[in-house]
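Structural features, examined
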Amino acid sequence: MMHMTLHWSNEVTLLFDSWSTKSWPSYALALLICFLVAVFYQRLEALRLHLKSAASPANASPPSLNTPLIVRKLGRNWKIRLGLAALFGLNSAIGYLIMLAVMSYNGGVLLAVVLGLMVGYFVFRSDDFSDGDDSFVAAETNNSTCACS
């Protein structure tokens, strides 16, 4: 039976009919997998943002008002852009799978995913803030809280 409200039970079906838990050990394993996938999602996001910032030129100026909206940008860095696009696609797919797992409306799965995202962000992405003084300045402007961005 699919629940439409948040429930706390060790019986949950995640993503596939074959991935269902009926006991506490299988439920704990499912929660651990959800936690690790959420941490891995943050690792991939940190890697993608790092590669994107390393691939973009440091002295790039913002586009002017006369810049066309659609520009053919196949230059010598098309392989890097293709790799970044593939990494973005993989990261988006994992984000949507995490979202579908949370949509099982199981409280333990929700907590495991949120804790995994928090730990992953702390470990892999919290260095986006300066360590100098008490004021925190974000180094990356696309610091979205959405798990699927």
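Residues numbered from 1 in each chain as written. Predicted model: local features only at pLDDT ≥ 70, side-chain atom pairs only at ≥ 80, totals over all residues. Heavy atoms only, no water.

**Some thoughts on the confidence of the model for the protein chain**
Taken residue by residue, the protein chain gives an average pLDDT of 82. The fraction at 70 or more is 74%. When mean pLDDT is taken per element in the protein chain, helix H3 (residues 107-125) scores highest with 95 and strand S1 (residues 12-13) scores lowest with 90. Note on residues 133-141: pLDDT under 50 across the span, and 11 contacts to partners over four residues away in sequence or across chains. (pLDDT = per-residue confidence, 0-100. Helix = DSSP H or I, 4+ residues; strand = E, 2+ residues; numbered from the N terminus. Contact = heavy atoms within 4.5 Å.)

**Some details on the nonpolar core**
Judged by nonpolar contacts, the single largest core of 17 residues is most densely connected at Leu-14, Cys-34, Ile-98, Val-109 and Val-113. Secondary structure elements with two or more residues in this core: helix H1 (24-55), helix H2 (78-102) and H3. Tallying contributions element by element places H1 first for this core, with seven residues. Once residues within four sequence positions are removed from consideration, Leu-14 is found in contact with Trp-19, Ala-30, Cys-34, Ala-101, Ser-104 and Val-109. (Core = buried A, V, L, I, M, F, W, Y, C linked by side-chain atoms within 4.5 Å. Buried < 20%, exposed > 50% of the residue type's maximum accessible area, 1.4 Å probe, protein only.)

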